[in-house]
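Each chain is listed here by its residues.
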Amino acid sequence: MRAQIIKYLLITIFLVYSTPSAHAQTEMALSIQSFADHSPVPARYTCSGHNISPALSWSHAPAGTKSFALIVDDPDAPSSMWVHWVAYNIPAHITMLNEGVIPNDIRFKQGMNDFKKIGYGGPCPPRGHGQHRYMFKLYALDTILNPAQPVTKSALETEMKGHVLAQSVVTGVCHTPN
């Protein structure tokens, strides 16, 4: 009898902890309409095309999200990480950015990229360096940020410490010309 009770309790515990709760939060998801994760970035979003930002959308931000931040960088750059876009204080009610965000978009703030410009700078890999990855990283934050000026990726990451509720990444790839 005791063995049956223990078996019943173990089965009950297993079922309770292995069944998702009705209140379980789905992970935040970032998507880019013009290309899938780990797929080529279309030329129009690169320096050899129109050099405009792709349309982005996201869903399932966690409860308590007050703003979003976005960093786009290339970890395969020859000298070091190359920053293509820094955006922050994107209001929590916004769940998409249309194609071609302009540097002075009044809905949120943008920082300096490594092209020494405010806003988006598309993939522009140097000749003969093979494939580069472009990581679009969206962060859900529990605060509105006030980073040090000028706003760079580094300043933004410092300000975000301890405030990231969730993160989602989509990676695009570009092959360099020979």
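Residues numbered from 1 in each chain as written. Predicted model: local features only at pLDDT ≥ 70, side-chain atom pairs only at ≥ 80, totals over all residues. Heavy atoms only, no water.

A. Just the overall build of the protein chain, in detail. A count of helical and extended segments in the protein chain gives 2 helices and 9 strands. In the protein chain, the order of α-helices and β-strands from amino to carboxyl end is α-β-β-β-β-β-β-β-β-α-β. By the burial criterion, 39% of the 178 residues in the protein chain qualify as buried. Pairs at least 24 residues apart make up 69% of the contacts formed inside the protein chain by residues separated by at least 6 positions. Accessible area of the protein chain: about 10,200 Å², with a carbon and sulfur share of 58%. (Helix = DSSP H or I, 4+ residues; strand = E, 2+ residues; numbered from the N terminus. Buried < 20%, exposed > 50% of the residue type's maximum accessible area, 1.4 Å probe, protein only. Contact = heavy atoms within 4.5 Å. Areas by Shrake-Rupley, 256 points an atom, 1.4 Å probe, with all protein chains shown as cover.)

B. Seen up close, unusual backbone geometry. A cis amide bond, omega -10°, links Q149 with the succeeding residue P150. Along the chain, P150 turns up in the loop between strand 8 (131-141) and helix 2 (153-160). Even without glycine at this site, N89 takes up a positive phi of about 55°. A residue is classified by how much of its surface remains accessible, and N89, at 15% relative accessible area, is buried.

C. Structural view of the pairing of strand 3 (residues 56-59). By the bridge criterion, 4 bridges tie strand 1 (residues 29-32) to strand 3 in an arrangement that is antiparallel. By the bridge assignment for strand 3, L30 is matched with W58. (Pairing = 2+ DSSP bridges.)

D. Highlighting the nonpolar core. Counting residues in each nonpolar core, the largest one holds 26 residues, and the members touching the most others are L56, W58, L70, W85, I90, L97 and F136. Every element with two or more residues in this core is listed here: strand 1, strand 3, strand 4 (67-74), strand 5 (82-91), strand 8 and strand 9 (164-175). At 4 residues, the largest contribution of residues to this core is made by strand 8. Once residues within four sequence positions are removed from consideration, W85 is found in contact with S53, L56, L70, I71, V72, L97, V101, Q110, N113, G119 and Y120. Residues V83, V86, Y88 and L156 belong to the second largest nonpolar core, which totals 11 residues. (Core = buried A, V, L, I, M, F, W, Y, C linked by side-chain atoms within 4.5 Å.)

E. Layout of the confidence of the model for the protein chain. Summing up the model confidence of the protein chain, the mean pLDDT is 87 and the portion of residues at 70 or higher is 85%. Note on residues 5-24: pLDDT is under 50 here. Beyond four places in sequence and across chains, it has 0 contacts. (pLDDT = per-residue confidence, 0-100.)

F. Representation of the sheet that holds strand 6 (residues 96-97) in the model. Reading across from one edge, 1-3-6 is the order of the 3 strands in this open sheet, with antiparallel pairing throughout. Two strands lie at the open edges of the sheet, namely strand 1 and strand 6, each paired on one side alone. Pairing of strand 3 with strand 6, which is carried by 2 bridges, proceeds in the antiparallel orientation. Bridge assignment links L56 to a residue of strand 6, and that residue is L97.

G. Representation of the pattern of salt bridges within the structure. In this structure the tally under the stated criterion is 6 salt bridges. K137 is the salt-bridge partner of D73, the closest N and O atoms lying 2.8 Å from each other. Of this pair, D73 sits in strand 4 while K137 sits in strand 8, placing them 64 residues apart in sequence. Each member of the pair, D73 as well as K137, is classed as buried. With a shortest N-O distance of 2.8 Å, R107 and D105 are connected by a salt bridge. R107 sits in the partly exposed class, given a relative accessible area of 37%. By relative accessible area, D105 is classed as buried at 14%. (Salt bridge = Lys/Arg side-chain N within 4 Å of Asp/Glu carboxyl O.)

H. Spatial organisation of helix 2. For helix 2, the full list of buried residues reads K153, A155, L156 and M160. In a view along the axis of helix 2, the buried residues occupy a sector of 165°, so they form one face of it. (Arc of directions from axis to C-beta.)

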